[in-house]
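Coordinate analysis (summary)
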Amino acid sequence: MKGFGRFRQPSVIPGFGLTLGFTITYFSLIILVPITALVLRSTGLGWNGFWAAALDPRVLASLRTSFLTALIAAGINVVFGTLIAWVLVRYRFPGRRIFDAMVDLPFALPTAVAGIALTAIYAPNGFVGQWVAPLGLRIAYTPIGITIAMIFIGLPFVVRTIQPILEEASKEVEEASATLGASRLQTISRVLLPSLTPAILTGFALAFARAVGEYGSVIFIAGNIPFVSEIAPLLIVIRLEEFNYAGAAVIATVMLAISFLMLFVINLIQAWSRRRYGYGS
Amino acid sequence: MAARPHAARRASPTNEPLWVRWALILAGLVFMALFLVLPLLAVFSEALRQGIGAYVQSLQSPDALSAIRLTLLVAAIAVPLNVVFGIAASWAIAKFEFKGKAFLITLIDLPFSVSPVISGLVYVLLFGTGSVLGPWLKSYGIEILFAVPGIVLATIFVTFPFVARELIPLMQDQGTGDEEAALSLGASGWQTFWRVTLPNIKWGLLYGVLLCNARAMGEFGAVAVVSGKIRGQTTTMPLQVEMFYNEYQGTAAFALASLLALLALVTLVLKSALEWRFGDELAATGRGH
């Protein structure tokens, strides 16, 4: 009983056992047991079998495509996401609130809808595609198309992580910097940007993690050519359709391990930012 | 006098020159127009390409209607379950101090960092051929995979954190004072919840439900893996969009997609309205995901 008493601090409010018990049971049934089944199935191949499946050239190529395009997309999103957050917080212009609301569109629009819409725009006969096609540039059905879909779904993560920090940043620090003789550019690069860095890094990590796992918006525009424009989540689906369940589980386990690592890094950034700047983004 | 323009420019040392401001605004808006507005417009223009008659007609096809029915059914099961979970989890986390709380909060966010395809795959491995559970349930006539229960499970998985992560910070901000007052005045635990806590969190709860529902109705990857895509039986709206699209039925695909796009727009409008009207009754972190 002593150990249990130390596990939670005493409180007059009832319902601790009921709510925590339900939370843990529901979490175990929906999340924990199925993920355990996944890990067990991939280890069922044995050590050598696991690595043979994980290091298969087509698997490696798909992982490379997924991670490389996600990295580029997250990089572009950091630049434009920071810019959009800045513009939305600092400037007043007509239609600002509508654009502010529009930032969340990728969260609300189903990925399959985004996928076919982007394909319609960037296909060689599409709205944008017909203008770049004569220049010899193909967007849809190439890794460029994958990157564009990933930019679409990742943008709100960057904007929404930076926005609240920018809103809270006090103007006085900038005024002090200006008073001390710094130019506007110096104030932005040496005073504002460093305090935004944790939020920018978190936004980058969130956008990257989402892009790596993205499926619906990517597969329509990707073209899905093995070794060229085939993403890792699609290869999981292909392995499933071949009834190669163990092969699918191996790719999924590799991806899961990497996303847990990302989650860990995000938590580290936030802990560091709380110590350094007194807030968690 | 010659110094005046210079003085005007330096008047506000914490602001950028006007031309820089407008250049930045323009760059941001062009980027958003290209990547956010254009896809949305494309959905509606492709849907209406062959006229309003073809649009309405394609929405009345049996495939489209059964997909709409299934999507509504799945959301009607998955969203309430995650609401109950979200309330229970935030009650336990916000009203009590216990060991491992931070870890539990991280765990609740877990489904957000898992690829949708993997969210579906885990259930295929749990209930599919070669598993222990699948054949055992089948011997009792219970089908999970390639049937509605599997679709519901996969949808619950991907929408798992939405309500909880909105309510946890909100209830942590509100503290336990109101509940303690109600209890000390003789209210029972359930009375305290229904009459004190629930009214306090109602807008935050609605906010979480909106986001949860949008994702539940629009989920594609996780559902695609478990559904088996049996026409008229296990195709939700996003899956039916894919089927129409792959069969070169462009109008039908985009017409059904336009309904989902409308749902997204309605979600955004309601969400923004909640943020403007009841911003201080939502979680401080409610804007991010």
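Procedures and definitions
- Residues numbered from 1 in each chain as written.
- Chains lettered and ligands numbered in written order.
- Predicted model: local features only at pLDDT ≥ 70, side-chain atom pairs only at ≥ 80, totals over all residues.
- UniProt positions renumbered as here; feature names shortened; annotations may be inferred.
- Contact = placed C-beta atoms within 7 Å.
- Helix = DSSP H or I, 4+ residues; strand = E, 2+ residues; numbered from the N terminus.
- Domains from an automatic or database assignment.
- Nonpolar A, V, L, I, M, F, W, Y, C, P; charged D, E, K, R; others polar.
- Core = buried A, V, L, I, M, F, W, Y, C linked by C-beta atoms within 7 Å.
- Buried ≥ 20, exposed ≤ 12 C-beta atoms within 10 Å, placed from the backbone.
- Axes fitted to C-alpha atoms, helices over the stretch in contact; angles between N-to-C directions.
- Parallel < 35°, antiparallel > 145°, perpendicular 65-115°, else oblique.
- Left-handed = near helix turned anticlockwise from the far one by under 90°.

Chain B has the name Sulfate transport system permease protein CysW in an unreviewed UniProt entry, where Devosia elaeis is given as its organism. Regarding chain B, the UniProt comment filed under Function (unreviewed entry) reads as follows: "Part of the ABC transporter complex CysAWTP (TC 3.A.1.6.1) involved in sulfate/thiosulfate import. Probably responsible for the translocation of the substrate across the membrane." Of chain B, the UniProt comment under Subcellular location (unreviewed entry) reads exactly: "Cell inner membrane".

Per an unreviewed UniProt entry, chain A goes by the name Sulfate transport system permease protein CysT and belongs to Devosia elaeis. In the Subunit (unreviewed entry) part of its UniProt record, chain A is described as follows: "The complex is composed of two ATP-binding proteins (CysA), two transmembrane proteins (CysT and CysW) and a solute-binding protein (CysP)." You can read under Sequence similarities (unreviewed entry) in the UniProt record for chain A the words "Belongs to the binding-protein-dependent transport system permease family. CysTW subfamily."

Quick look at the interface of chain B and chain A now. With 78 residues of chain B at the interface, the matching set in chain A holds 79 residues. For the side of chain B that touches chain A, the element with the most residues is helix 2 (residues 18-47) of chain B, which contributes 17 residues.

The next point concerns the UniProt feature "domain: ABC transmembrane type-1" (unreviewed entry) in chain A. Per the UniProt record, "domain: ABC transmembrane type-1" (unreviewed entry) is found at residues 63-267 of chain A. Secondary structure across residues 63-267 of chain A comprises 78% helix and 0% strand; the distance between its end C-alpha atoms is 24 Å.

Residues and elements named next belong to chain A. Here the domain parsing of chain A yields domain 1 (13-43) and domain 2 (47-277). Between domain 1 and domain 2, the C-alpha centre-to-centre distance is 29 Å. Tallying the contact residues gives five residues for domain 1 and seven residues for domain 2. In the side of domain 1 that touches domain 2, the residues fall into two nonpolar, two polar and one charged.

On to the UniProt feature "domain: ABC transmembrane type-1" (unreviewed entry) in chain B, then. According to UniProt, the feature "domain: ABC transmembrane type-1" (unreviewed entry) maps to residues 68-271 of chain B in the numbering used here. As a span, residues 68-271 of chain B carries 77% helix and 0% strand, and end to end its C-alpha atoms are 23 Å apart.

Here we take up the nonpolar core. Judged by nonpolar contacts, the single largest core of 169 residues is most densely connected at Val 113 and Ile 116 of chain A together with Leu 121, Leu 256 and Ala 257 of chain B. Sort the elements by how many residues they give to this core and helix 4 (residues 62-95) of chain B lands first, with 15 residues. Among all residues touching Leu 256 of chain B, those that are not within four sequence positions of it are Leu 59, Ala 64, Ala 67, Met 237, Gln 240, Val 241 and Phe 244 of chain B.

Let's shift gears to the domain arrangement of chain B. Residue and element names in this part refer to chain B. Domain annotation for chain B reports domain 1 (16-47) and domain 2 (51-281). One C-alpha centre belongs to domain 1, the other to domain 2; they are set 30 Å apart. Taken together, the residues of the side of domain 1 that touches domain 2 break down into four nonpolar, no polar and one charged.

In terms of burial, helix 13 (residues 237-246) of chain B is a largely internal element, eight of the ten residues being buried. Along helix 13 of chain B, the residues that are buried comprise Met 237, Pro 238, Leu 239, Gln 240, Val 241, Glu 242, Phe 244 and Tyr 245 of chain B. Buried residues along helix 13 of chain B sit in contact with helix 7 (111-122) of chain A together with helix 4, helix 11 (189-218), helix 12 (221-227) and helix 14 (250-278) of chain B. Positive phi shows up at Tyr 248 of chain B, right after helix 13 of chain B, with a value of about 60°.

In this section: unusual backbone geometry. Residues and elements named next belong to chain A. Positive phi is not limited to glycine here, since Phe 227 has a value of about 70°. Within the secondary structure, Phe 227 is located in the loop between helix 12 (216-222) and helix 13 (232-241). For Phe 243, which is not glycine, the phi torsion reads 60° and is therefore positive. Examined against the element boundaries, Phe 243 turns out to sit in the loop between helix 13 and helix 14 (245-277). For Phe 243, a count of 11 C-beta atoms within 10 Å puts it in the exposed group.

Before going further, it helps to spend a moment on the packing of helix 9 (residues 161-174) of chain B against helix 11 of chain B. A pair of packed helices can be characterised by two numbers: the angle between their axes and the separation between those axes. Residues and elements named next belong to chain B. Between helix 9 and helix 11, whose axes approach to 8 Å, the crossing angle comes to 160°. On the basis of the axis angle, helix 9 is roughly antiparallel to helix 11. When the axes of helix 9 and helix 11 are compared, the crossing they make is right-handed. Contacts from Phe 162, Val 163, Glu 166, Leu 167, Leu 170, Met 171 and Gln 174 of helix 9 reach helix 11 at Asn 200, Ile 201, Gly 204, Leu 205, Tyr 207, Gly 208, Val 209, Leu 211, Cys 212 and Arg 215. Here the residues of the contact of helix 9 with helix 11 are counted per class, giving eleven nonpolar, four polar and two charged.

All names here are of chain A. Structurally, Ala 53 is set in helix 3 (residues 46-54). Residue class for Ala 53 comes out buried when judged on the 21 C-beta atoms lying within 10 Å of it. Distance from Ala 53 to Ala 248, taken between C-alpha atoms, is 9.1 Å for residues 195 residues apart in sequence. In this view, Ala 53 contacts Leu 45, Ala 246, Gly 247 and Val 250; residues no more than four positions away in its chain are not counted.

Residues and elements named next belong to chain A. UniProt records the feature "transmembrane region" (unreviewed entry) at residues 12-40, 67-89, 101-123, 135-159, 191-212, 218-238 and 245-269, using the numbering of this structure. With 68% helix and 0% strand, residues 135-159 has its two end C-alpha atoms placed 32 Å apart. Secondary structure content for residues 218-238 is 57% helix and 0% strand, and the end C-alpha separation is 15 Å.

What follows concerns the UniProt feature "transmembrane region" (unreviewed entry) in chain B. All names here are of chain B. The positions that UniProt labels "transmembrane region" (unreviewed entry) are, in the present scheme, residues 20-44, 64-91, 103-128, 140-164, 205-228 and 248-270. The span residues 20-44 is 100% helix and 0% strand, and its two end C-alpha atoms sit 35 Å from each other. Counting secondary structure, residues 140-164 comes out at 64% helix and 0% strand; the distance between its end C-alpha atoms is 34 Å.

Between helix 14 of chain A and helix 6 (residues 116-127) of chain B, the least distance of the axes is 11 Å, while the angle of their chain directions is 140°. One finds that helix 14 of chain A runs oblique with respect to helix 6 of chain B. Like other packed secondary-structure pairs, helix 14 of chain A and helix 6 of chain B cross with a definite hand, here left-handed. Between helix 14 of chain A, through Tyr 245, Ala 248, Ala 249, Ala 252, Met 255 and Leu 256 of chain A, and helix 6 of chain B, the contact on the second element is made entirely by Ile 118, Leu 121 and Leu 125 of chain B. Residues of the contact of helix 14 of chain A with helix 6 of chain B, tallied by class, amount to nine nonpolar, no polar and no charged.

All names here are of chain B. Inspection of the secondary structure assignment puts Leu 29 in helix 2. Residue classification places Leu 29 among the partly exposed positions, given that 17 C-beta atoms sit within 10 Å. Sequence separation between Leu 29 and Val 122 is 93 residues, and the spatial gap between their C-alpha atoms is 40 Å.

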